[in-house]
Amino acid sequence: RTLRRTPYYTEDYEQELERTFERRMREITDHMVDEAKSQMEMKNSLREVHTLYQDLMERALDIGFDEDQKHRLNDLYEMRRDHLKREKVEETNRVLRGIQDVQELRDYWDSVKEFLLSNRPFFGKEFENLVARKFDDVMGKLEEAEYRRKEVEDAEEPWKEEGIME
């Protein structure tokens, strides 16, 4: 009972406790950012990556992220988005190199077009245009190759053109 009646100076204890709390809070939120990075790297769908990012940013205040951590999350999101874009461009280039006729190109374009439209909010219109230009380039080359092939056939068999020996 006598201890309760004696006043204690606790300001230094309060400050130490506050510093310890802030340090530990920073460690926890840093760990959460690292976990978010790992989760983003495991996801192969930009829609899933975006959902994770958006969820974390909406709860950033409640979680206790500081401005640096929010910027880091944003950077992680943008890096993952760019990585997924690069992967899609590389995949598209790889497939386009193997395409030999116009119908095969059109079939592949239909599947890629669906992907681009469903991911437009994440990749953007500029990315769609980049991929579409690649398809246009391949289409031009295939059409030119087809035209030249027909020229060669016509040159080898001139009687077909003149109606001789039908």
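Thresholds, definitions, all that
Residues numbered from 1 in each chain as written. Predicted model: local features only at pLDDT ≥ 70, side-chain atom pairs only at ≥ 80, totals over all residues. Heavy atoms only, no water. Phe/Tyr/Trp six-rings, centres within 6.5 Å; stacked < 30°, edge-to-face > 60°. Lys NZ or Arg CZ within 6 Å of the ring centre and 35° of its normal. Salt bridge = Lys/Arg side-chain N within 4 Å of Asp/Glu carboxyl O. Helix = DSSP H or I, 4+ residues; strand = E, 2+ residues; numbered from the N terminus. Buried < 20%, exposed > 50% of the residue type's maximum accessible area, 1.4 Å probe, protein only. Polar contact = N/O pair within 3.5 Å; in protein donor to acceptor, adjacent residues only side chain to side chain. Contact = heavy atoms within 4.5 Å.

### Observations concerning the packing of aromatic side chains
Okay, step 1: Summed over the entire model, instances satisfying the criterion amount to five aromatic pairs.
Okay, step 2: Members of the aromatic cluster, connected to one another through ring pairs, are Y108, W109 and F135.
Okay, step 3: Here the guanidinium or amino end of K88 rests over the ring plane of F115, the centre of that ring lying 4.3 Å away.

### A word on the pattern of salt bridges
Okay, step 1: One pass over the structure, following the stated rule, counts 14 salt bridges.
Okay, step 2: A salt bridge links K70 to E67; its shortest N-O distance comes to 3.1 Å. Within this pair, K70 and its partner E67 are both found in helix α5 (residues 67-98), separated by three residues, close to a single helical turn.
Okay, step 3: Here E146 makes a salt bridge to R149, at a shortest N to O gap of 2.3 Å. Pair noted here: E146 and R149 are both in helix α8 (residues 125-156), with a separation of three residues, about one helical turn.
Okay, step 4: The exposure class assigned to E146 is partly exposed, which follows from its relative accessible area of 31%.
Okay, step 5: On the basis of relative accessible area, R149 is assigned to the partly exposed category, the value being 38%.

### Structural notes on the side chain of K88
Okay, step 1: Residue position: K88 is located in helix α5.
Okay, step 2: A polar atom in the side chain of K88 sits 3.3 Å from the side chain of E91.
Okay, step 3: K88 has contacts with F115 and F127, leaving out every residue within four places of it along the chain.

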